[in-house]
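What the coordinates show
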Amino acid sequence: MLPLLLASSSIYRRELLSRLHLPFICSSPDIDESPYSDESAIELVKRLAEQKARALAASHPGHLIIGSDQVAALDGRIIGKPHTFENAREQLLAASGKQVSFLTGLALLNSETGQCQVDCVPFTVHMRELGAERIERYLRIEQPYDCAGSFKAEGLGVSLFQGTEGPDATSLVGLPLIRLVDMLLAEGVQIP
């Protein structure tokens, strides 16, 4: 098996990948993540996932390189990581009682052959009606300022959900493991 490289500095993605019990290393790619002017959200996450993987190919020959990128969309508009309490509060107030769509781009690049598998895995979160006090309590406890959508689904953020739908719950955290296993199997990786 070629060594695995996760093209990310995300602790969330690292924790998810460790569930597969495969040895891997991490390296953060340096790419411009700006969207193109007429690019759809799906096109954006697929392009960025592949660019992240390809950015590390020259420095890691003979590796299987995993790239991933995620956006959240509310009312058809991409919402990013909030970075601050105020932005997170605004995002959650806007999402109250609505659906937030998460699109996670995934790429697996074999840097030896140049073969790259790319996909996008959708996931939808149906938010509860959220009052300002509840939102503020949540944000003070969990501080999800580095998370698209302003919540941590793997933590207390799940209390903000009315329901979820999608083919792979791990895609919500940023690395769709079910689809990744498909890609790894296609590269001859044995799991488990």
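Residues numbered from 1 in each chain as written. Predicted model: local features only at pLDDT ≥ 70, side-chain atom pairs only at ≥ 80, totals over all residues. Heavy atoms only, no water.

Some details on the packing of aromatic side chains
Applying the stated criterion across every chain, the model contains two aromatic pairs. On the numbers, 5.6 Å between centres and 70° between planes, the contact of Phe102 with Phe151 is edge-to-face. With Phe102 in strand S5 (residues 99–110) and Phe151 in the loop between helix H4 (132–142) and strand S7 (161–165), this pair connects stretches of sequence that are 49 residues apart. Taken as a pair, Phe102 and Phe151 share a single burial class, namely buried. (Phe/Tyr/Trp six-rings, centres within 6.5 Å; stacked < 30°, edge-to-face > 60°. Helix = DSSP H or I, 4+ residues; strand = E, 2+ residues; numbered from the N terminus. Buried < 20%, exposed > 50% of the residue type's maximum accessible area, 1.4 Å probe, protein only.)

Some remarks on unusual backbone geometry
With omega at -15°, the peptide bond leading from Ile191 into Pro192 counts as cis. Locating Pro192 in the fold gives a position in the segment after helix H6 (177–186).

Here's the deal with the environment of Glu136
Position of Glu136 among the secondary structure elements: in helix H4. For Glu136, a relative accessible area of 28% corresponds to the partly exposed category. Look past the residues within four positions of Glu136 in its chain and what remains in contact with it is Phe85 and Arg89. (Contact = heavy atoms within 4.5 Å.)

As for the UniProt feature "active site" (unreviewed entry) in the protein
The feature "active site" (unreviewed entry), as annotated in UniProt, sits at Asp69 in this numbering. Within the secondary structure, Asp69 is located in strand S3 (residues 64–74). Of the residues examined, Asp69 reaches a relative accessible area of 6% and is grouped as buried. A polar contact of 2.9 Å, which involves the side chain of Asp69, links it to the side chain of Lys52. (UniProt positions renumbered as here; feature names shortened; annotations may be inferred. Polar contact = N/O pair within 3.5 Å; in protein donor to acceptor, adjacent residues only side chain to side chain.)

Section: the pattern of salt bridges
Here the structure, examined in full by the defined rule, presents eight salt bridges. Linking Glu50 and Arg54 is a salt bridge whose minimum nitrogen-to-oxygen distance equals 2.8 Å. Pair noted here: Glu50 and Arg54 are both in helix H2 (residues 41–55), with a separation of four residues, about one helical turn. Put simply, Lys52 and Asp69 hold a salt bridge, and the shortest N to O gap is 2.9 Å. Remark: Asp69 occurs in strand S3 and Lys52 occurs in helix H2; sequence separation between them is 17 residues. For Lys52, a relative accessible area of 7% translates into the label buried. Salt bridges linked by common partners bring Glu33, Lys52 and Asp69 together as one network. (Salt bridge = Lys/Arg side-chain N within 4 Å of Asp/Glu carboxyl O.)

Points about the UniProt feature "site: Important for substrate specificity" (unreviewed entry) in the protein
The positions UniProt marks with the feature "site: Important for substrate specificity" (unreviewed entry) are Tyr12, Gln70 and Glu154. Along the chain, Gln70 turns up in strand S3. Discounting chain neighbours no more than four positions away, the residues touching Gln70 are Arg13, Val45, Phe102, Leu103, Thr104, Ala148, Ser171, Leu172, Val173 and Gly174. Here the side chain of Gln70 touches Thr104 through a polar contact of 3.0 Å, side chain to side chain.

Comments concerning the packing of helix H3 (residues 85–95) against H4
Orientation of H3 relative to H4, taken along the N-to-C sense of each, is 135°, at an axis distance of 10 Å. Between H3 and H4, the angle falls in the class oblique. Both H3 and H4 take part in a crossing whose hand is right-handed. On H4, the residues touching Phe85, Ala88, Arg89, Leu92 and Leu93 of H3 are Ala132, Ile135, Glu136, Tyr138, Leu139 and Arg140. (Axes fitted to C-alpha atoms, helices over the stretch in contact; angles between N-to-C directions. Parallel < 35°, antiparallel > 145°, perpendicular 65-115°, else oblique. Left-handed = near helix turned anticlockwise from the far one by under 90°.)

Some details on the side chain of Ser111
Looking at where Ser111 falls in the secondary structure, it is placed in the loop between S5 and strand S6 (116–127). Only 3.0 Å separates the side chain of Ser111 from the backbone nitrogen of Gly62, close enough to count as a polar contact.

A look at the nonpolar core
In terms of nonpolar packing, the biggest core is built from 22 residues, with Phe102, Met127 and Phe151 touching the most fellow members. Of all the elements in the fold, those that place two or more residues in this core are S3, H3, S5, S6 and H4. The residues touching Met127, leaving out its near neighbours within four places in the chain, are Leu92, Ala95, Gly97, Lys98, Val100, Phe151, Leu160, Phe161 and Gln162. Core analysis: the next-biggest nonpolar cluster, separate from the first, contains 18 residues, Leu4, Leu22, Leu175 and Val189 among them. (Core = buried A, V, L, I, M, F, W, Y, C linked by side-chain atoms within 4.5 Å.)

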